[in-house]
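Spelled out from the first residue to the last, the chains are:
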Amino acid sequence: MTENICPICNAVNNCMGHAEKTCWCLEVKVPQELLALVANDKKRRACICLKCINEFNDNPKEFLNKHIK
């Protein structure tokens, strides 16, 4: 697991948390229900990607069917 990989979909998350400029993730509200889906060993280690955040916000039920097995 690396900080550059989304802990839900395993795609590149474009996190800039360790860069000189502010990461996009600090500007986005991530629903608690989505955060709860992250495995305990991956929590606070990498950003959930913006695609996952938007897909969850648009249709939580469809998102869960797609990503949670």
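As the structure is a prediction and not an experimental result, all values here were calculated from the model.

Undergrad: Can you walk me through the overall build of the chain in this structure?
TA: In terms of helices and strands, the chain carries 3 helices and 0 strands. Residue burial in the chain is summarised as follows: out of 69 residues, 25% are buried. Looking at the chain alone, contacts between residues at least 24 apart form 53% of all its contacts between residues at least 6 apart. In the form shown here, the chain has an accessible surface area of approximately 5100 Å², with 50% of it arising from carbon and sulfur atoms. Here the chain carries 10 positive and 8 negative side-chain charges, and the mean point of each set is 5 Å from the other.

Undergrad: Help me understand helix 2 (residues 50–58) in this model?
TA: Because each turn of an α-helix spans 3.6 residues, side chains separated by three or four positions in sequence point in the same direction. Taken residue by residue, helix 2 has Cys52, Ile53 and Phe56 as its buried positions. Each buried residue of helix 2 sits inside an arc of 100° when the element is viewed along its axis, so together they form one side. Facing away from the buried side of helix 2 by more than 90 degrees, the exposed set consists of Lys51 and Asp58. Its buried side turned inward, helix 2 meets helix 1 (32–35) and helix 3 (60–67).

Undergrad: Can you walk me through the nonpolar core in this structure?
TA: Nonpolar side chains tend to gather and get buried jointly when the protein is soluble and globular. Cys6, Ile8, Leu34, Ile48, Cys52 and Phe63 are the most contacted members of the largest nonpolar core, which totals 13 residues. Here the element with the most residues in this core is helix 2; it accounts for 3 residues. Contacts of cysteine 52, omitting those with residues within four sequence positions, involve Cys6, Ile8, Cys9, Leu34, Phe63 and His67.

Undergrad: Please explain the side chain of asparagine 13 as it appears in this structure.
TA: Relative to the helices and strands, asparagine 13 resides in the segment before helix 1. Dropping the residues within four chain positions of it, asparagine 13 is found in contact with Glu3, Asn4, Ile5, Cys6, Trp24, Ala46, Cys47 and Cys49.

Undergrad: Looking at this model, I keep getting lost on the confidence of the model for the chain. Mind explaining?
TA: In low-pLDDT segments, the atomic positions of the prediction should not be examined closely. With 93% of its residues at a pLDDT of 70 or more, the chain shows a mean pLDDT of 86. Per-element confidence in the chain ranges from a low mean pLDDT of 93 for helix 3 to a high of 95 for helix 2.

Undergrad: Help me understand unusual backbone geometry, please; the structure alone is not making it clear to me.
TA: Peptide bonds are, in most cases, trans, and in most cases residues other than glycine have a negative phi. For asparagine 10, which is not glycine, the phi torsion reads 65° and is therefore positive. Summarising the element assignment, asparagine 10 is placed in the segment before helix 1.

Undergrad: I keep staring at the environment of isoleucine 53 and nothing clicks. Help me out?
TA: Within the fold, isoleucine 53 resides in helix 2. Along the sequence, isoleucine 53 and leucine 26 sit 27 residues apart, while their C-alpha atoms lie 13 Å from each other. Sequence-distant contacts of isoleucine 53, that is, excluding residues within four places in its chain, are made with Trp24, Val28, Lys29, Val30, Leu34 and Ile48.

How each quantity is defined
- Residues numbered from 1 in each chain as written.
- Predicted model: local features only at pLDDT ≥ 70, side-chain atom pairs only at ≥ 80, totals over all residues.
- Heavy atoms only, no water.
- Helix = DSSP H or I, 4+ residues; strand = E, 2+ residues; numbered from the N terminus.
- Buried < 20%, exposed > 50% of the residue type's maximum accessible area, 1.4 Å probe, protein only.
- Contact = heavy atoms within 4.5 Å.
- Areas by Shrake-Rupley, 256 points an atom, 1.4 Å probe, with all protein chains shown as cover.
- Lys, Arg positive; Asp, Glu negative; His and termini not counted.
- Charge placed at Lys NZ, Arg CZ, Asp CG, Glu CD.
- Arc of directions from axis to C-beta.
- Core = buried A, V, L, I, M, F, W, Y, C linked by side-chain atoms within 4.5 Å.
- pLDDT = per-residue confidence, 0-100.

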